[in-house]
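# Architecture and fold: a report
Listed below are the residues making up each chain.
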Amino acid sequence: MRKWFGVMIGLAVSAGLIGGQEFQLFASSAGKYKVLFPGVVKSETRDIPAGRGTLQLHLDRVELKGDTVFLVSYVDAPEEVAKKPAGPRLDKVRDGNKGEHGKVLEEHDLTLMRGTEKFPGRDLLIETPNGYLRNRVVIVGRRLYQVMVQGTKEVVTSASADKFITSFELTK
């Protein structure tokens, strides 16, 4: 019986029925992006320390049962940081998300398009002491986007996670 229950949960996750939520288009005019979220989005802005000043971190997220989170964040870096090559900036984000005790399971560079414009990015799958994190990181000028799913390995590698992450589009 327990085996069949696990199979049914796996099928529900694969079918995109995470938490019984249907995906809804969310567009952020301030963030200049749109994405399909699996539920009602909660938005907030936090000040984060950065060098001698602070930066504003913008978060749009849906929290589901089982510590599952679908999240898009963005932050505008200072001009001196934005002038640095994308590779080391993406490495720093990866290492920050991985933390001291995490492990990068998958990592692939990518290019995200907005019309004919191309922007560097990276897809990551990370195992942490608290679960798994799947992250698409994209750099657009000064702005750094992170499109994340946090939860169990089954959730972050599910069709629902694929749908969320691949639905992310830059807007003007």
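The structure under discussion appears in the preceding block.
Residues numbered from 1 in each chain as written. Predicted model: local features only at pLDDT ≥ 70, side-chain atom pairs only at ≥ 80, totals over all residues. Heavy atoms only, no water.

## A short note on the pairing of strand β9 (residues 143–151)
Burial of β9 is extensive: eight of the nine residues sit out of reach of the surface. With eight bridges joining them, strand β5 (residues 68–76) and β9 adopt antiparallel strand pairing. Across the sheet, the residue bridging to Y74 is Y145, located in β9. Pairing of strand β8 (residues 131–140) with β9 involves nine bridges; the strand directions are antiparallel. Of the residues in β9, the one forming a bridge with R136 is V147. Turn length for the β8-β9 hairpin, with the two strands adjacent in sequence and antiparallel, is two residues, and the turn residue G141 shows positive phi of about 65 degrees. (Buried < 20%, exposed > 50% of the residue type's maximum accessible area, 1.4 Å probe, protein only. Helix = DSSP H or I, 4+ residues; strand = E, 2+ residues; numbered from the N terminus. Pairing = 2+ DSSP bridges.)

## Notes on the environment of A27
Mapped onto the elements of the fold, A27 is located in strand β1 (residues 24–28). In contact with A27, not counting residues within four places along its chain, are Y33 and K34. (Contact = heavy atoms within 4.5 Å.)

## Topic: the sheet that holds β5
What the seven strands build is an open sheet, ordered β3-β4-β5-β9-β8-β7-β6; its pairing is antiparallel. Two strands bound the open sheet, and with one partner strand each, they are β3 (42–50) and β6 (103–114). Taking the axes of each pair of neighbouring strands and ignoring which way they run, one obtains an average angle of 20 degrees across the sheet. As paired strands, β3 and strand β4 (residues 53–64) are joined by nine bridges and run antiparallel to one another. Paired with R46 across the two strands is L57, which belongs to β4. In the packing of helix α5 (residues 159–167) onto the sheet, contacts are made with β5, β8 and β9, and the angle to β9 comes to roughly 170 degrees. (Axes fitted to C-alpha atoms, helices over the stretch in contact; angles between N-to-C directions.)

## Description of helix α3 (residues 86–98)
End to end, α3 covers 18 Å across 13 residues, agreeing with the expected 18 Å (1.5 Å per residue, within 8%). Of the residues making up α3, those classed as buried are R89, L90, V93 and R94. Considered in projection along α3, the buried side chains sweep an arc of 140 degrees and stay on one side of the axis. In this structure, α3 carries K92 and G96 as exposed residues pointing more than 90 degrees from its buried face. Tucked into the core, α3 has its buried residues touching α2 (79–82), β6, β7 (117–128), β8 and β9. Just past α3, the residue G99 takes up positive phi, approximately 70 degrees. (Expected span 1.5 Å × (residues − 1). Arc of directions from axis to C-beta.)

Don't take any of this as a statement about function, it's just geometry.
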